[in-house]
Every structure is written in structure tokens, then in C-alpha cells.
Number of protein chains: 2
Amino acid sequence: MEKLDGLKLENQLCFPLYACSKEIIRRYKPLLNELDLTYTQYITMMVLWDKKEINVKTLGEKIFLDSGTLTPVLKKLESKGYIERNRASDDERNLIITITKKGENLRNKAKNIPQKVGKCVNLSEKEAMELYKLLYKVLGKF
Amino acid sequence: MEKLDGLKLENQLCFPLYACSKEIIRRYKPLLNELDLTYTQYITMMVLWDKKEINVKTLGEKIFLDSGTLTPVLKKLESKGYIERNRASDDERNLIITITKKGENLRNKAKNIPQKVGKCVNLSEKEAMELYKLLYKVLGKF
DNA sequence: ATAAATTAAATTGTGTACAATCTAATTGTT
DNA sequence: AACAATTAGATTGTACACAATTTAATTTAT
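Not measured: the values here are computed from a predicted model. (Residues numbered from 1 in each chain as written. Chains lettered and ligands numbered in written order. Predicted model: local features only at pLDDT ≥ 70, side-chain atom pairs only at ≥ 80, totals over all residues. Heavy atoms only, no water.)

(A) Representation of the packing of aromatic side chains within the structure. Applying the stated criterion across every chain, the model contains 16 aromatic pairs over all chains. The interplanar angle of 70 degrees and the centroid separation of 5.4 Å between the aromatic rings of Tyr39(A) and Tyr18(B) together place this pair among those described as edge-to-face. Taken together, the residues Tyr39(A) in helix 2 (residues 39-51) and Tyr18(B) in helix 1 (residues 14-33) connect one chain to another. The two residues Tyr39(A) and Tyr18(B) agree in class, both being buried. Of the aromatic side chains, those joined through ring pairs into one cluster are Phe15(A), Tyr18(A), Tyr28(B), Tyr39(B), Tyr42(B), Trp49(B) and Phe64(B). (Phe/Tyr/Trp six-rings, centres within 6.5 Å; stacked < 30°, edge-to-face > 60°. Helix = DSSP H or I, 4+ residues; strand = E, 2+ residues; numbered from the N terminus. Buried < 20%, exposed > 50% of the residue type's maximum accessible area, 1.4 Å probe, protein only.)

(B) Just the pairing of strand 3 (residues 95-99) of chain B, in detail. Residue and element names in this part refer to chain B. Burial of strand 3 is extensive: four of the five residues sit out of reach of the surface. Pairing between strand 1 (residues 53-55) and strand 3: three bridges, direction antiparallel. Note that in strand 3 the partner of Glu53 across the bridge is Thr98. Sheet topology note: the strand 2 (residues 83-87)/strand 3 ladder contains five bridges and is antiparallel. Within the sheet, the bridge partner assigned to Asn86 lies in strand 3 and is Ile96. (Pairing = 2+ DSSP bridges.)

(C) Examining the interface of chain A and chain B more closely. Of the residues lining the interface, 57 residues belong to chain A; the matching set on chain B comes to 57 residues. Where chain A packs against chain B, one counts three salt bridges. Along the contact surface separating chain A from chain B lie eight residue pairs in polar contact (both at pLDDT 80 or more). Going through the elements one at a time, helix 1 (14-33), helix 2, helix 3 (56-63), helix 5 (101-110), helix 6 (113-119) and helix 7 (125-141) of chain A are the ones with two or more residues in the side of chain A that touches chain B. Within the side of chain A that touches chain B, the residues separate by chemical class into 36 nonpolar, five polar and 16 charged. (Contact = heavy atoms within 4.5 Å. Salt bridge = Lys/Arg side-chain N within 4 Å of Asp/Glu carboxyl O. Polar contact = N/O pair within 3.5 Å; in protein donor to acceptor, adjacent residues only side chain to side chain. Nonpolar A, V, L, I, M, F, W, Y, C, P; charged D, E, K, R; others polar.)

(D) Region of the structure containing the protein's contact with DNA strand C. In the vicinity of DNA strand C there are 30 residues, among which Thr38(A), Lys76(A), Ser67(B), Thr71(B) and Arg85(B) approach most closely. Between DNA strand C and the protein, one listed contact pairs a phosphate oxygen with a side-chain N or O atom of Lys22(B) at 3.4 Å. Within the backbone of Val56(B), one N or O atom sits 3.1 Å away from a phosphate oxygen of DNA strand C. (Near = heavy atom within 4 Å.)

(E) Up close: the protein's contact with DNA strand D. Taken together, 30 residues lie near DNA strand D, and Tyr18(A), Lys57(A), Ser67(A), Thr71(A) and Arg85(A) sit nearest. Among the atoms of DNA strand D close to the protein, meaning within 4 Å, 79% are from sugar or phosphate groups. A distance of 2.7 Å separates a phosphate oxygen of DNA strand D from a polar side-chain atom of Tyr18(A). Contact between DNA strand D and Lys22(A): a phosphate oxygen at 3.3 Å from a side-chain N or O atom of the residue. Listed by contribution, the elements that provide at least two residues to the surface near DNA strand D are helix 1, helix 3, helix 4 (67-79) and strand 2 (83-87) of chain A together with helix 2 (39-51) and helix 4 (67-79) of chain B.

(F) How the structure looks around helix 4 of chain B. Residues and elements named next belong to chain B. Across its 13 residues, helix 4 extends 18 Å between first and last C-alpha, which sits within 8% of the 18 Å expected from 1.5 Å per residue. Buried within helix 4 are the following residues: Leu70, Val73, Leu74 and Leu77. Considered in projection along helix 4, the buried side chains sweep an arc of 100 degrees and stay on one side of the axis. Facing away from the buried side of helix 4, by more than 90 degrees, are the exposed residues Gly68 and Ser79. Two or three places before Gly68, at the start of helix 4, stands the capping residue Asp66, its side-chain oxygen 3.1 Å from that residue's backbone nitrogen. Just past helix 4, the residue Gly81 takes up positive phi, approximately 85 degrees. (Expected span 1.5 Å × (residues − 1). Arc of directions from axis to C-beta.)

(G) Focus on the sheet that holds strand 2 of chain A. Residue and element names in this part refer to chain A. Pairing in this open sheet of three strands is antiparallel, and the strands run 1-3-2 from one edge to the other. Among the strands making up the open sheet, the edge pair consists of strand 1 (53-55) and strand 2. Going across the sheet, the axis of each strand differs from the next one's by a mean of 25 degrees, ignoring polarity. The strands touched by helix 3 are strand 1 and strand 3 (95-99); relative to strand 1, the strand with the most contacts, the crossing angle is about 90 degrees. Set on the sheet, helix 4 makes contact with strand 2 and strand 3; between it and strand 2 the angle comes to about 120 degrees. (Axes fitted to C-alpha atoms, helices over the stretch in contact; angles between N-to-C directions.)

What follows is the structure, given as C-alpha cells:
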């Protein structure tokens, strides 16, 4: 019985995960360039398209990023006019992110991106759903 | 028939992929800290443990990184004494990365890392294999 | 044989990512 | 009330990640 080499790149789950994540993000890049958004800015906007208003902490929990990453991203999105940053009046520690009209409008330009990216992923509907479920199962453990 | 909102974070494959990749790498961090390696340095060393010698271009193709990322990583690994960087005598454009004795020795300290990380991923053997296959299927398309 | 094209790394510039620390606001405790 | 503890963001420092450009070596085409 051949012993599998645990320290080979190909035998670890983490590596295809890491590679796959990067490669898919690379597929988004040309589409996001047209909207002048980076991938991180895009997932931030997706949350705002859904929620309209959210504080930095809750946003960070949703997209797995801390204030060290988010602060510059949000300042950038503010400078582009897609969001506003205001302290909550009832608790000045909280920074409330609000989507602007311009930010809302961006949604129309973005709406066919998921479909376009989906097309260049070589999986059947069923496989994609299976992958989706497995990934969320792994995430659930954390 | 309810139409699925394609622009919701939860309905896109890319997001759980991105989140999962980061969360798994986070699991590695404390273990890699003991070896004074970052994740990128670790996957680089994994290739070298396997190959002993490789040029930057081939290495980059294996781990999906370009010279812009690899040059500083390799200089760092060289400064730690794990690798050597030398131009190929037959074609001076090529930089040959060679593992050192010290780099070889690091392998022993690393050998139980995959198993430890595997334990904190909430998947059965069968599910992990399924996930593995789906990820490589996606990567295969590129 | 030499100029043009190609190739491999390195460099530069922008944008994450995240640990650690800092600051200010709020809450809990005595 | 007053001080300690907690909390939310911002800041700092290190390390990727990658596009675009540059440099030097090699190959191709004339």
C-alpha cells in the first residue's frame, strides 16, 4: 500500500482552494475593470446593494475582512462616490456605510457579471451546487 | 418561480471560494509560524521539497504566481538559508532555485502540518475527495 | 552577422490581507 | 461619580498579488 505524500502540493486541499479562488477572481477582473471596481470593492458593493446601510464591523463579518483591510477600501469607494461614511449618532464608535444613488446605479452595470463568470467555469449546474455546498460546509465549521 | 438574485454574495460561487481559501490559510498560520514560514513561502518550499531544483518560471506556473510576487518571496527564503538562487550557466535568463540542506531539514518539522489542518476541516474523507475533484475540474478549464 | 523579436526576471506602483497597536467612545463595577 | 474593561475603527508594519514596464540574455529572420 503506497503511502500518500502529505507534503505534496497536489495532495492538499488548501492549494487547489487557493489557486481556484485566485483564478476565478482573475476571471472577474476584466469585467470589473469596466466598472472601475476591484474584486474586494465589488464584494463590498454586493453587500451594500443588498443592505443599503451597514456598519463596518457587521460588513467585515459578512465578507471576512477586518477594519485594517476595510478602512482603505471604504475610503476608496467613498472617493468614487458610491458610498457615504458617517458615524452613528447613538454610538459614535460605529461607522455607518450607506450606499449612494451613484452606488445604486452601478448595480445595473454589474447585474450580468455573475452569469458571464459562471459561463467560463467548467462545471455543470449540479456540480456547481455540490461545490457550493461543500465550501459552505467547510466555512460553517469556523 | 422565484428568480434567484445573481448579485447576492451568497448566490455566487466565487465568494465561498475566496472566503474558504482565506479561512483555511488562517488555520495554517499558527503551525507555519512555528517554522517561521508564511503560507506563500510554505507552498514554495513544498515544490522544492518535491523537486530540489526548479527555475522561477516553472515554479510560478506550478503555484500560479508571477515573478513580481516570487522575486521577493524567494529572496526572503534565501535570506533564511532555505534555498539558493543562481543563474543557469547555459541560459543566464533563467534563475535556478535550489533547496539547501537547511531547507531539506525543514521538511521534517513540516510533515505533520497537512494532517493537523485536515483535522480542523469539517469534511468526511469522501467529501474532501469530492471537493478536491471539483476544484481541480475548475482549475483544469483555465 | 546583425537587427528585430522573444523570453525570463526584476522593478515599480496599486491594492489588498492581517497582526498588533492605538484612540476614542461606551459600558460595567465598585 | 470614577475608574477599569470593552468595543469599533483607524493606523502601522509586513507580506503578498498582479499589471505594466524595464533590463538583459537568447533566438529568429533577414
